[in-house]
Amino acid sequence: MSDQDTHVDVIIVGAGISGIGAACHLQKKSPNRSFAILEARENIGGTWDLFRYPGIRSDSDMYTLGYSFKPWKEGAAIADGDSILKYLSETVAEHDLAGKIRFGKRVSKAEWSTSRASWTLTIRDGKSGEEETLSCNYLFMCSGYYNYEKGYLPEFKGYEDYEGEIAHPQHWPSELDHTGKKVVVIGSGATAVTIVPAMAESAAHVTMLQRSPSYVASRPQSDGMANGLRKFLPAWLAYKIVRVKNVLLTMAFFSLSRRYPAAIKQRLIKLVKEELGPDFDVKTHFTPNYNPWDQRLCAVPDADLFDVLREKRASVVTDHIDHFTKTGIALTSGKELEADIIVPATGLQLQSLGGMDLVVDEKPIAIGETTNYKGFTLSNVPNFAWTVGYTNASWTLKADLTSNYVCRLLNHMEKHGYSVCVPQLDEDMPDSGPILDLSSGYIQRSLDLIPKQGTKQPWRIHHNYVADLLHLKFERVEDGVMQFS
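The model shown is predicted, which means the values in this text are computed figures rather than measured ones. Starting from 1, residues in each chain are numbered consecutively following that chain's sequence as written. Where totals are concerned, whole chains, interfaces and linings use all residues; where local detail is concerned, this predicted model gives features only for residues with pLDDT of at least 70, and gives and counts side-chain atom pairs only at 80 or more. Excluded from the side-chain calculations are hydrogens and water; all other atoms, namely the structure's heavy atoms, are used.

So, the sheet that holds strand 8 (residues 182-186)
Strands in a sheet are paired, the pairing made by backbone hydrogen bonds, and the direction either parallel or antiparallel.
Next, step 1: Strand order in this open sheet of 5 strands is 7-16-8-9-12, and the pairing throughout is parallel. If you trace the sheet from one side to the other, it starts and ends with strand 7 (165-166) and strand 12 (314-318), each paired once.
Next, step 2: Paired strands are those between which DSSP finds at least two bridges. Secondary structure elements are defined from DSSP: runs of H or I of at least 4 residues count as helices, runs of E of at least 2 residues count as strands, and each element is numbered from the N terminus. In the sheet, strand 8 pairs with strand 9 (residues 205-210) via 5 bridges, with the strands oriented parallel. The residue of strand 9 that forms the bridge with Val-184 is Thr-207.

Here we look at the pattern of salt bridges
When the charged atoms of two side chains with opposite charge come close together, those side chains can pair.
Next, step 1: By convention in these notes, a salt bridge is any Lys or Arg side-chain nitrogen within 4 Å of a carboxyl oxygen on Asp or Glu. For the coordinates displayed, the defined rule picks out 23 salt bridges.
Next, step 2: Between Glu-90 and Lys-70 there is a salt bridge; the shortest N-O distance is 3.3 Å. Linking Glu-90 in helix 4 (residues 81-94) with Lys-70 in the loop between helix 3 (62-65) and helix 4, this pair joins segments that are 20 residues apart in sequence.
Next, step 3: Classification of residues uses two cut-offs on accessible area relative to the type maximum, computed with a 1.4 Å probe and protein chains only: under 20% is buried, over 50% is exposed, and between them is partly exposed. Residue classification places Glu-90 among the partly exposed residues on the basis of a relative accessible area of 30%.
Next, step 4: Residues Glu-132 and Lys-105 are paired through a salt bridge, measuring 2.8 Å at the closest nitrogen-oxygen approach. Taken together, the residues span a long stretch of sequence, with Glu-132 in strand 6 (residues 131-141) and Lys-105 in strand 4 (residues 105-113) at a distance of 27 residues.

Focus: a positive patch on the surface
Next, step 1: Each patch is built from salt-bridge-free residues with over 30% relative accessible area, joining like charges within 9 Å and nonpolar side chains (Val, Leu, Ile, Met, Phe, Trp, Tyr) within 5 Å. Note on areas: these come from Shrake-Rupley sampling with a 1.4 Å probe, and a residue is covered only by the protein chains present in the view. Charged-residue counts in this description rest on Lys and Arg as positive and Asp and Glu as negative, His and the chain ends being excluded. Lysine's charge is taken at NZ, arginine's at CZ, aspartate's at CG and glutamate's at CD. Taken together, the side chains of Lys-28, Lys-29, Lys-240 and Lys-473 make up a positively charged region of the molecular surface.
Next, step 2: Counting through the fold element by element, Lys-29 comes out in helix 1 (residues 17-29).

A few points about the nonpolar core
The tendency in soluble globular proteins is for nonpolar side chains to be buried as a group.
Next, step 1: If you look at the biggest cluster of nonpolar residues, it comprises 131 residues, and the most contacted ones within it are Ile-12, Trp-119, Leu-121, Leu-139, Phe-286, Leu-358 and Phe-384.
Next, step 2: A per-element tally of this core places helix 11 (residues 395-416) first, with 10 residues.
Next, step 3: Any two residues whose heavy atoms approach within 4.5 Å at even a single point are treated as in contact. Filtering out sequence-adjacent residues up to four positions away, Leu-139 remains in contact with Ile-11, Val-13, Ala-110, Trp-119, Leu-121, Met-356, Asn-383, Phe-384 and Ala-385.
Next, step 4: Formed by 11 residues, the second largest nonpolar core is a distinct cluster that contains Val-184, Ile-186, Phe-324 and Leu-337. In plain words, nonpolar cores are sets of buried Ala, Val, Leu, Ile, Met, Phe, Trp, Tyr and Cys residues tied together by side-chain atoms within 4.5 Å.

As for helix 4
Next, step 1: Compared with the 20 Å implied by 1.5 Å per residue over 14 residues, the 20 Å span of helix 4 between its first and last C-alpha is a close match.
Next, step 2: Every buried residue of helix 4 is accounted for by Gly-81, Ile-84, Leu-85, Tyr-87, Leu-88, Thr-91 and Val-92. Here the buried residues of helix 4 occupy an arc of 155 degrees about the axis, which is enough to place them on one side. What points out from helix 4, more than 90 degrees from its buried face, is the exposed set Asp-82, Ala-93 and Glu-94. By definition here, a helix of n residues has an expected span of 1.5 Å times n minus one. Taking the helix axis as origin, the arc is that swept by the directions to the C-beta atoms.

So, the packing of aromatic side chains
Next, step 1: When two rings of Phe, Tyr or Trp (its six-membered ring) have centres within 6.5 Å they constitute a pair, described as stacked for plane angles under 30 degrees, edge-to-face for angles over 60, and tilted for the intermediate range. Here the structure, examined in full by the defined rule, presents 21 aromatic pairs.
Next, step 2: Among the aromatic residues, those joined into a ring-pair cluster are Tyr-67, Phe-69, Trp-72 and Tyr-87.
Next, step 3: In this scheme, Lys NZ or Arg CZ marks a charge over a ring once it lies within 6 Å of the ring centre and within 35 degrees of the ring normal. Over the ring of Phe-35 we find Lys-100, and its NZ or CZ is 4.8 Å from the ring centre.

The structure is reproduced here in structure tokens:
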């Protein structure tokens, strides 16, 4: 797409793992459609380019986080951020997508016109600040649901009094040297359990300060079955086999967690006790007050977090922050943690559609008042898709299914001469809560930004890959709810 082009068939917003995948599917399965990718940042990768904190890695295995069409061939199944970026760069090169991406283009508004059957996008250039407009027939949002500008930071009393260094994971200072320093990491989620063992490699000591525990489980860094199969089978076949295996195992574990929460909780805590030994206070520091999968499980590769705790290079403190001091953090228990560096791994901020305004026929759309259709689009919003991955499995599994379905939809429209498709919501359909059904703080803080789900199909979210595969791959596109004109 040249700078002179002002209209394409499909605009993909976001050049992260979702947007690159969407472009590959579109190019192969809907080859008659012209498309462009708009990326607000100056690089591909999205999350994997933004986050640069020590130890940054996936918490899903790459046999399911990877694309269905591109085998993961590296030895490590739990991959670091640089390896994932390399994988994405290879995908862009192999599919010749570089010329389709326009960097530094932030979409501030998308306006649909029924009379023209098209979207008009208002775009701000990241360098010049100038605005321009582009139009398209179909808008495919692949910008995730996180605010890339800032993460969540609670209002800590005395925060400005602290005289040491503060490093937020979302804006990690490249020049920060933690060698020989005392570090306090605030949080107990996936980011914290990643940073703590990574910084403990060279820090004097790292303390993980948490208000309450999370479920943490060790899993192998490498997949022995995958590495073994690649010795005898073509890479693509080994990848498919391991992908199916990991999908089924993940689904089984989630299902068991929801059906038998007490038993799974007991099992997870027992595994932590085996890792840390009888003298560690697992009840205080690793026994959550919620059921498994009410929040996302934290996976640690090859027990790296437990290793640094056993070796006393790191420790866990479960307490509440009273206030920051000049030299650290004072706790409500009366204790004080001294710190040369504080890392507030306090969570993410949700943001719908990259923060852009959505307007349909001059009527602003409030995302929290819409209902999600088939897990990929919004009620009464025409020619629109939004990739939202799984919370209980790898993001890309759902992203692949979404892209496949969008291609089916576009091909159906082309075949029958349709220019508009819109899912019409029955006004009597009750909602059953947001599409993201976790109790995690970052979700509960932002319920007004999350689409609702209905009580029956096609408005009900499965959170189940096999069910979604059956619905999105084999169900009729013309289902009586999606209206075409």
